[in-house]
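Letter by letter, the chains look like this.
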Amino acid sequence: MAAAAIGRACASGAFRVAWRGFASVPVKGSCGSYCSLAWAFQARCSISAPWTVTVEQRRQSSFFNTLTADELWKGALAETGVGVKKGRGKRRKKKLRKNLNRGQEIGEGRSGFLWPGLNAPLIQSGRVQAVTQRKKEERERIQSEIVQRRDTWEKKRKIKIKREGGWSGKCWGGVILDPPDPGPNGETYEDFETRVIEVKNVFCMNAKEGRKKSIRALVAIGNGKGAAGFAMGKAGDRMNALRKAKNKAIRCLHLIELYQKHTVYHDITVKFKRTTIRMKKQNKGYGLHCHRAIITICKLIGIKDMYAKVSGSKNLINITRALFKGLTQQETHQQLANEKGLYVVEFREEQGPLPIVVALPEGTVREDPEPEDEVPDTKLEWSDVKEAQGMKKSPWANVRRAVW
């Protein structure tokens, strides 16, 4: 039972008693003593007005209850400054923090006491239960079950989870992950699909710790209906980095407009740093002829038919950022009609030379034609020009093949 120091009298005398169940409390002016503290206050003992009594609670202090759990774990895992300096440059096995509260129940302990309202029913057969104690055999059995349960959890952590293959054998790109964790209000994201784009080892030079290794993960998420996003997560191990990235990506969603729910509204050319992506609108059934990272992201968005050509840097982070930048900046037919004040028409193969009106301006229609300076100066790619004129040849055209 916790000890409590009671009483301080500032008059002619002072008394201090450590309460440990029962104690004798001498009172000035009386030759008797009381066997319990409650009886000392409830009986014929009275304290005069000038005396002031204060009750102060104390407990035995030691190394384990003066430091917090985080401070104790830092010492055990050598996360303090001295411990980190000793391990600089060594490829030692990293110790992980354990959750010692797993398998524990409130009220259960090695002594085996049954506390009504915690680990035992408060009222039974219409009577309030008293504090009792289990037998020795039952206490040993419960403790062995707790230890066995904790060992089982440790083994489950070490089991490697079989994951679905990505773009290639041991590559993490394209691997499907579980949905993000539920939100603070209990909302779930079961209709969102999560894919890994890149997992990479990164290093940071620190004056105290030296060369510190971290894992950086790039994850994309989408529901296939135009809502998609991406984010990066960094942590000391791979699974924490992936978890951070997918939980961050669900909070950074973009709404991307789709033309007839299968492709983009118009051709897009976008540049991000040293990466340039040219996207072309395609008809139904064309498919996705793009970089493998763009194919993965387009499936998450809901784009089924598109051609994309990546030139310049093939950095996956730059490709992802450039793709989202271009898709979010595209104009729908209605936005273009309202901006120009003109009808927006489209030419299709099944209609021949006849145009099809796809959008009308919401305001008044402009009568004068569009000025020449407003006509976009489209930059043509030389490869497209050669292909349109029939000048593009196969790279194997003039190669001499051996005859066997």
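These numbers come from a predicted model, not from an experiment.

K.L.:
Go over the sheet that holds strand β16 (residues 306-312) with me, naming the residues and quoting the values.
P.N.:
One open sheet holds the four strands; their spatial order is β13-β14-β16-β15, and the pairing between them is mixed. Only two strands of the sheet have a single neighbouring strand rather than two, namely β13 (268-272) and β15 (288-289). Both β13 and strand β14 (residues 275-281) contribute to a ladder of five bridges, which runs antiparallel. For K271, the partnering residue across the bridge sits in β14 and is T276. Most of the contacts of helix α7 (residues 292-301) go to β16, to which it runs at about 140 degrees, and overall it touches β14, β15 and β16.

K.L.:
I'd like a rundown of the environment of H289, residues and numbers included.
P.N.:
Locating H289 in the fold gives a position in strand β15. Beyond its immediate sequence surroundings of up to four residues, H289 is in contact with M306, Y307 and A308.

K.L.:
Could you give me a rundown of the packing of aromatic side chains, with the residues and numbers involved?
P.N.:
One pass over the full model with this rule turns up four aromatic pairs. When the ring of F113 is compared with that of W115, the centres are 5.7 Å apart and the planes differ by 40 degrees; the resulting orientation is tilted. Judged by its relative accessible area of 33%, F113 falls in the partly exposed class. Taking relative accessible area as the criterion, W115 reaches 37% and is therefore assigned partly exposed. Above the ring of F203, the side-chain terminus of R211 is found at 3.9 Å from the ring centroid.

K.L.:
Could you give me a rundown of the pattern of salt bridges, with the residues and numbers involved?
P.N.:
Enumeration according to the criterion identifies seven salt bridges in this entry. Salt-bridge contacts for R278 lead to E381; the nearest nitrogen and oxygen are separated by 3.7 Å. Of this pair, R278 sits in strand β14 while E381 is found in the loop between β18 (355-359) and α10 (382-388), placing the two residues 103 residues apart along the sequence. Three or more residues are tied together by salt bridges with common partners; here these are E108, R134 and E138.

K.L.:
Pulling in residues and values, what's your account of unusual backbone geometry?
P.N.:
Positive phi outside glycine occurs at K261, with the angle close to 60 degrees. Within the secondary structure layout, K261 lies in the loop between β12 (253-255) and β13. Residue classification places K261 among the exposed positions, given a relative accessible area of 68%. Within the chain, K273 stands out as a residue other than glycine whose phi angle is a positive 55 degrees.

K.L.:
Got a sec to walk through the pairing of strand β10 (residues 210-222)? Specific residues and values, please.
P.N.:
With 13 bridges connecting them, strand β9 (residues 193-206) and β10 associate as antiparallel partners. The residue bridging T194 from the neighbouring strand is I221, located in β10. Joining the antiparallel neighbours β9 and β10 is a turn of three residues. Sheet topology note: the β10/strand β11 (residues 227-235) ladder contains eight bridges and is antiparallel. Bridging from a neighbouring strand, G222 pairs with A228 of β11. Hairpin connection, β10 to β11: the antiparallel pair is bridged by four residues, and G224 has positive phi, about 75 degrees.

K.L.:
So, the sheet that holds β11: which residues are in play, and what are the values?
P.N.:
Spatial strand order, β8-β9-β10-β11-β12: five strands in an open sheet with antiparallel pairing. Of all strands in the sheet, those bounded by a partner on one side alone are β8 (176-177) and β12. Looking at chain direction, β11 and β12 are connected through three bridges and run antiparallel. Across the sheet, residue A228 finds its bridge partner in β12, namely H254.

Procedures and definitions
- Residues numbered from 1 in each chain as written.
- Predicted model: local features only at pLDDT ≥ 70, side-chain atom pairs only at ≥ 80, totals over all residues.
- Heavy atoms only, no water.
- Pairing = 2+ DSSP bridges.
- Helix = DSSP H or I, 4+ residues; strand = E, 2+ residues; numbered from the N terminus.
- Contact = heavy atoms within 4.5 Å.
- Axes fitted to C-alpha atoms, helices over the stretch in contact; angles between N-to-C directions.
- Phe/Tyr/Trp six-rings, centres within 6.5 Å; stacked < 30°, edge-to-face > 60°.
- Buried < 20%, exposed > 50% of the residue type's maximum accessible area, 1.4 Å probe, protein only.
- Lys NZ or Arg CZ within 6 Å of the ring centre and 35° of its normal.
- Salt bridge = Lys/Arg side-chain N within 4 Å of Asp/Glu carboxyl O.

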